[in-house]
Amino acid sequence: MAMTGVLRPGHAQLRVLDLEKSITFYRDILGLVETGRDDRGRVYFKCWDERDHSSLILSPSDSAGIDFIGFKVLDAATLDQLERDVRAFGIATERVPAGDLLETGERVRFRLPSGHLFELYAEKTKVGNGLPSVNPPPWSMDADRGMAPIRFDHCLLYGPNVQANKDLFLKVLGFHLVERILGPTEAGEPEIGIFLSCSHKTHDIAFVEYEEPGKLHHLSFRMPTWERVLRAGDIMGMNRVPIDIGPTRHGVTRGETIYAWDPSGNRFETFAGGYEPYPDGDPITWTFEGFPHGLDYPQGKLHESFMTVVT
Ligand code: M3P
Ligand code: FE
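Model, not experiment: these values are computed from the prediction.

Basis of the calculations
Residues numbered from 1 in each chain as written. Chains lettered and ligands numbered in written order. Predicted model: local features only at pLDDT ≥ 70, side-chain atom pairs only at ≥ 80, totals over all residues. Heavy atoms only, no water. Donors = N, O, S within 2.8 Å, 3.2 Å for Na, K, Ca; no water. Helix = DSSP H or I, 4+ residues; strand = E, 2+ residues; numbered from the N terminus. Buried < 20%, exposed > 50% of the residue type's maximum accessible area, 1.4 Å probe, protein only. 1 Å grid on protein atoms, 1.4 Å probe; cavity = no way out; pocket = protein on both sides within 12 Å on 5 of 7 lines; lining within 4 Å. Points joined across faces, edges and corners; volume = space filled by probe spheres on them. Nonpolar A, V, L, I, M, F, W, Y, C, P; charged D, E, K, R; others polar. UniProt positions renumbered as here; feature names shortened; annotations may be inferred.

Engineer: So what exactly am I meant to see when it comes to the coordination of the iron ion (ligand 2) here?
Structural biologist: Think of it this way: four donors in a tetrahedron around the metal ideally sit 109.5 degrees apart, and six in an octahedron ideally sit 90 or 180 degrees apart. Only His 154 (NE2), His 218 (NE2) and Glu 269 (OE) from the protein coordinate the iron ion (ligand 2), and they sit 2.0 to 2.2 Å from it. Spacing between the donor residues of the iron ion (ligand 2) along their common chain follows H-x63-H-x50-E. Of this pair, His 154 sits in strand β9 (residues 151-159) while His 218 sits in strand β13 (residues 215-222); the two residues are 64 residues apart in sequence, bridging distant segments of the chain. Here His 218 falls in the buried class, since its relative accessible area comes to 2%.

Engineer: I'm lost on empty space enclosed by the protein in this one. Help?
Structural biologist: In this approach the atoms are scanned with a rolling probe the size of a water molecule, which exposes any empty space left behind. Enumeration over the complete set of coordinates arrives at two cavities of 30 Å³ or more. Roughly 120 Å³ of internal volume is contained in the largest cavity. Taken together, 17 residues make up the lining of the largest cavity; nearest its centre are Phe 195, His 218, His 250, Val 252 and Tyr 259. Every element with two or more residues in the lining of the largest cavity is listed here: β9, β16 (267-273) and α5 (291-295). Examining the composition of the lining of the largest cavity, we find that three residues originate from one element, α5, more than from any other. Per-class residue counts for the lining of the largest cavity are 10 nonpolar, six polar and one charged. The computed volume of the second largest cavity comes to approximately 40 Å³.

Engineer: What exactly am I supposed to notice about the UniProt feature "domain: VOC" (unreviewed entry) in the protein here?
Structural biologist: Here, the residues flagged by UniProt with the feature "domain: VOC" (unreviewed entry) are residues 8-123 and 151-273. Each end of residues 8-123 is marked by a C-alpha atom, and these two atoms are 13 Å apart; helix forms 21% of the span and strand 39%.

Below, the structure written as structure tokens:
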């Protein structure tokens, strides 16, 4: 599959309450690699196997939640074209100068119909994964500290106007719809949840309809295996990290999962498995009645917190 246009989730800036506690959590318990700090008090991390400078930026704040999410695009020409396309779709954009985020080029920023700040960028310094590019070993010592996910995988965002978001992502940003959840109405419409991919993954971003704009449901971190998801659960237990759901398997995407909370109450996911959709595949549909198994396939349980706890 040719990967052009929008490539992948690149970074998320997350608001945290107690910065020191959060640094310890993300570095030693989740097991990310710290890559920088800036003069605005922000702390930058990446997963051990990511090559670009940063994928998670912690921003000290008095409220939890997400400031923005950024996707990397192929190159500067793609960025210019997508900026024009988003404007033509009727959404205003602004340019955030290079260097505003450490080691990151100019970003094109706009607000999604769901209220989230969304960015596209083409440049971020490649710092590598700590392994040589010639004859590398399969992992480094960073792969064994804490839960040690391999990459920032996707996010699930809650907000209004999911259908307008769907239009934007499918018609302008080049995503495809992989799975969807129907609402409780007689006709089973409209969709209350959409799982969108710009790649071969089951989802690079997902949205669930919610009254309040701009909310975060979870940031998801990719684990290489189900064993590693279980091991992440052990590490959560050892460190008394509060678990929301799992270890279990989502029916939606078939992903193996644990949802848990960081020290600020932001939900994160350790996630493995799933399947590899192509963009010409037809989306999978979950009815509202079938959705409890979509969330937690073995238990078929519509966990209350899934619908109600966001930051
Ligand atoms: C995920 C995932 C739902 C399942 C969510 C799935 C909304 O978070 O990563 O696959 O039921
Ligand atoms: Fe997820």
